[in-house]
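Secondary and tertiary structure notes
This is what each chain is made of:
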Amino acid sequence: MNAHYELPLEDAGYSFGFLDEYAKKEVRRCILKAISIPGYQTPYASREMPMGRGFGTGGLQLTLSLVGSNDTLKVIDQGSDDSVNAVNLRQFVQMTCPGVDVTEKTEEATLIQSRHRIPEKPLTEAQILVLQVPYPDALVVVEASEARRKTMHGEADYSRLLVKLYEDIVKFDEITISHRYPTRIHGHYIIDPSPIPRWDVPKLHQSKALILLGAGREKKIYAVPPYTHAEPLAFEDVVFSVEDFRDASGNRRICSRCGASDSFLDEFSDEAGEKIYQCSDSAYCDERLARQKTSDQKTNTEVAA
Amino acid sequence: MSYVAIKGGKAAIDGAASATEYLRSKGSLDEPLTLAMIEEQLRLLTSRVVSEGGLYHPRLAALALKQFQGDTLEAAFALRAYRSTKPRLLESPVQDTANMRCIRRISSAFKEVPGGQYLGATYDYALRLLQLDLANEDPAAFKAVAKSFLRDTAEGELPDNFPKVIDSLRAEGLLPPVTPSRAAAFDITRDPLVFPVPRSAALATMARAETGGLLAMAYSNMRGYGDVHPTVAELRVGYLPVMLPHPVTGELMEAGEVLVTECEVVAMYEGANGDEMPTFTLGYGACFGHNEVKAISMAILDRALQKGMRDGPGNPSEDPEFVLLHVDGVDSMGFASHYKMPHYVTFQSDMDRLRTTQQKMQQKESEATT
């Protein structure tokens, strides 16, 4: 064995979209099936990606199978375009998909890959939203066996999930599910809408954009097609509620940066230990700030004139 | 206000990459590790990575080990990701392990077996005393080790291949005859596991499973959460010629050879159906590289899973879903690592629920006291 061995890596220039064409074709076929059966978890082979399982490999396989050189891509994590994982995924797509434009502006994107958030700005028919999914099955909280869960889904047997909600109310006087809120799609399958906050769940309902959900590790793809019913599971007398951003005196908290009172807020403490609230959707916040600046400038010029 | 939520992502990632590379090269040595050093002298480490990576390329495995500074999970992961970029060119026919060029072959079922027992290279009976003279090994003495071994070993001392121990058990009727399966082997790289899965899917999943994960599951069965009570009919390690059809003639030809560990365990007989003769039962394990603990664990779990598939699982190691969905190193390490990513949106949601619940409780308490 020679000490200096040449590795057969001259062809390490990867093909467009990293995955081989057969893999991308398979993913696209599964997407079609997922759209045809709204909310149904379509199994697929799921390739290993060069980033960790759990870091968005399911979403990434969807993105790479769909993206073409005429697309404009936006990648967000926790609502932010600049969070480490979003940067990492975006760089990888740029590296393996030459010609694809990237943007931070929600309205410019044709394809949006996101972890844990749906943008605040309403999406359009021309857009596809790809959500990264760690747990594809809403029934996993009540049934560990995948084989049994499959039967329950087929029969639309969600009684144990309803019992779980009921037990919550008995114990805590509240439904305690904070995110990954079970949502019934098109009157049959209940999905785990990925770990989006409850704030984002109503955005699934009659969405103009196609919403695709990809679980790489669990090897499932499912979809909320455009203009499809999406109803969070609740009771007639205990209704679904989103996160409450009111302060102690009942006033809606606002973003400390742009002043928005209609966005999902991140809460954190500054050096002095003071609570700070800021838009989780960084593009939404930036746009509001920019608009304020231009209107300030306008007022200034008017005053100067 | 100075805090901006997780900004500067790109700079942080680039910084992390250079810090990792710094740690790789900061030591007292000027010389980087060569791939040959890793592949040859850390051969069991390389074996583990080719096996868990599911790609037989020891040199790339050595590269991955170098790049990821000895982390077997990461190295196997890199091999898998590399594999994702390659199309599947063909499906190999069934390979006959009786043709294996063995470097080691033992049976614990019999004192002597046809072809003989060959202990070969193993630490099984080595005293685990630190060999302090390896600390400062003299290169000349190091070279001499291999030379003197070859000088003292007569050529042709080892037969080219050995008969399989289980074949003689079969001939005696102690094991059930082989029923050739018409179904094509399940390819776990092209099809997801949808339960129930055929045995070939279980075997393929375990063949590239993470060694420690597989061992823990198998050990639970050996210790008492199960009752396989295996006897190792045969464990062999060696180079298996890979026979592939010639692209033009279709005739089988040797395309190369792969280092493989194979283990067959025999377990106690079970009640047969109807008037069939009862026989021993078999568990099978095989994987790339020299990984004996893995092959034995796999054979025991194969036996346990076959029992679970037939009678319903009586314990975790007999449950195909439980075993097969939890032994993959790339999946499990990825998910464990992902908890390090920001989760502040979902945590905000969690706090919202807890605060609301606490408020309601406080209200109730104050109503009760007034």
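Owing to the predicted nature of the structure, the values given are computational and were not obtained by experimental measurement.

A closer look at the packing of helix 8 (residues 199-207) of chain B against helix 10 (residues 292-311) of chain B
Residues and elements named next belong to chain B.
- Interhelical geometry of helix 8 versus helix 10 gives an angle of 150° and a closest axis separation of 11 Å. Accordingly, the angle class assigned to the pair helix 8 and helix 10 is roughly antiparallel. The way helix 8 lies across helix 10 gives a crossing that is right-handed. Along the contact surface, helix 8 presents Arg199, Ala202, Leu203, Met206 and Ala207, while helix 10 presents Met298, Leu301, Asp302, Leu305 and Gln306.
- Along the lines of polarity and charge, the residues of the contact of helix 8 with helix 10 split into seven nonpolar, one polar and two charged.

A short note on the domain arrangement of chain B
All names here are of chain B.
- Entries for chain B in the domain assignment read domain 1 (14-83) and domain 2 (97-122 + 161-333).
- A C-alpha centroid distance of 28 Å is found between domain 1 and domain 2.
- Secondary structure elements with two or more residues in the side of domain 1 that touches domain 2: helix 3 (43-53) and helix 5 (72-83).
- No other element matches the seven residues that helix 3 contributes to the side of domain 1 that touches domain 2.
- Grouping the amino acids of the side of domain 1 that touches domain 2 by side-chain chemistry returns six nonpolar, three polar and four charged.

Considerations on helix 5 of chain B
- Taking 1.5 Å per residue, twelve residues should reach 16 Å; helix 5 of chain B reaches 17 Å between its end C-alpha atoms and fits that length.
- As for helix 5 of chain B, its buried residues are in contact with helix 3, helix 4 (58-67) and helix 12 (329-338) of chain B.

Notes on the packing of helix 3 of chain B against helix 5 of chain B
Residue and element names in this part refer to chain B.
- Where helix 3 contacts helix 5, the axes come no closer than 8 Å and their chain directions differ by 45°. Between helix 3 and helix 5, the crossing angle belongs to the class labelled oblique. Of the two possible hands of crossing, helix 3 and helix 5 adopt the one that is right-handed. Taken together, the residues of helix 5 that come into contact with helix 3 (itself represented by Leu45, Arg48, Val49, Glu52 and Gly53) are Thr72, Ala75, Ala76, Leu79 and Arg80.
- In the contact of helix 3 with helix 5, the residues fall into five nonpolar, two polar and three charged.

Looking at the sheet that holds strand 4 (residues 281-288) of chain B
All names here are of chain B.
- Read from one edge of the open sheet, four strands run 1-2-3-4, paired in antiparallel fashion. The two strands at the open ends of the sheet, each matched to only one other strand, are strand 1 (101-106) and strand 4. Along the sheet, successive strands turn relative to each other by an average axial angle of 25°, direction set aside.
- Where helix 10 meets the sheet, it contacts strand 2 (231-245), strand 3 (252-267) and strand 4, and its direction lies at approximately 145° from that of strand 4.

Comments concerning the interface of chain B and chain A
- With 50 residues of chain B at the interface, the matching set in chain A holds 59 residues.
- Only helix 1 (9-25), helix 2 (35-41), helix 4, helix 5, helix 12 and helix 13 (344-369) of chain B provide two or more residues apiece to the side of chain B that touches chain A.
- Counting residues per element, the side of chain B that touches chain A draws most heavily on helix 13 of chain B, at eleven residues.
- Considering only residue class, the side of chain B that touches chain A consists of 22 nonpolar, 13 polar and 15 charged.

Concerning the environment of Val238 of chain A
Residues and elements named next belong to chain A.
- Looking at where Val238 falls in the secondary structure, it is placed in the loop between strand 10 (230-232) and strand 11 (265-269).
- The class for Val238 is partly exposed, based on 14 C-beta atoms found within 10 Å.
- For the pair Val238 and Asp173, spaced 65 residues apart in the sequence, the C-alpha separation amounts to 9.6 Å.
- Excluding its chain neighbours within four sequence positions, the residues that come into contact with Val238 are Ile169 and Ile175.

So, the domain arrangement of chain A
Residue and element names in this part refer to chain A.
- If you check the domain split of chain A, you get domain 1 (21-232) and domain 2 (244-305).
- On a C-alpha basis, the centroid separation for the pair domain 1 and domain 2 is 29 Å.
- Each partner contributes to the interface: domain 1 provides 14 residues, whereas domain 2 provides seven residues.
- Split by residue class, the side of domain 1 that touches domain 2 holds three nonpolar, four polar and seven charged.

Quick word on the sheet that holds strand 1 (residues 42-43) of chain A
All names here are of chain A.
- Spatially, seven strands are ordered 1-9-8-5-4-2-3 in an open sheet, and the strand pairing comes out mixed. Where the open sheet ends on each side, the last strands, each with one partner, are strand 1 and strand 3 (101-102).
- Against the sheet, helix 2 (residues 57-66) contacts strand 4 (111-115), strand 5 (128-132), strand 8 (210-215) and strand 9 (220-224), and its axis sits at roughly 150° relative to strand 5.
- In this fold helix 3 (residues 84-96) packs onto strand 2 (72-77), strand 3 and strand 4, with an angle of close to 155° to the strand it touches most, strand 2.

Cut-offs applied
Residues numbered from 1 in each chain as written. Chains lettered and ligands numbered in written order. Predicted model: local features only at pLDDT ≥ 70, side-chain atom pairs only at ≥ 80, totals over all residues. Axes fitted to C-alpha atoms, helices over the stretch in contact; angles between N-to-C directions. Helix = DSSP H or I, 4+ residues; strand = E, 2+ residues; numbered from the N terminus. Parallel < 35°, antiparallel > 145°, perpendicular 65-115°, else oblique. Left-handed = near helix turned anticlockwise from the far one by under 90°. Contact = placed C-beta atoms within 7 Å. Nonpolar A, V, L, I, M, F, W, Y, C, P; charged D, E, K, R; others polar. Domains from an automatic or database assignment. Expected span 1.5 Å × (residues − 1). Pairing = 2+ DSSP bridges. Buried ≥ 20, exposed ≤ 12 C-beta atoms within 10 Å, placed from the backbone.

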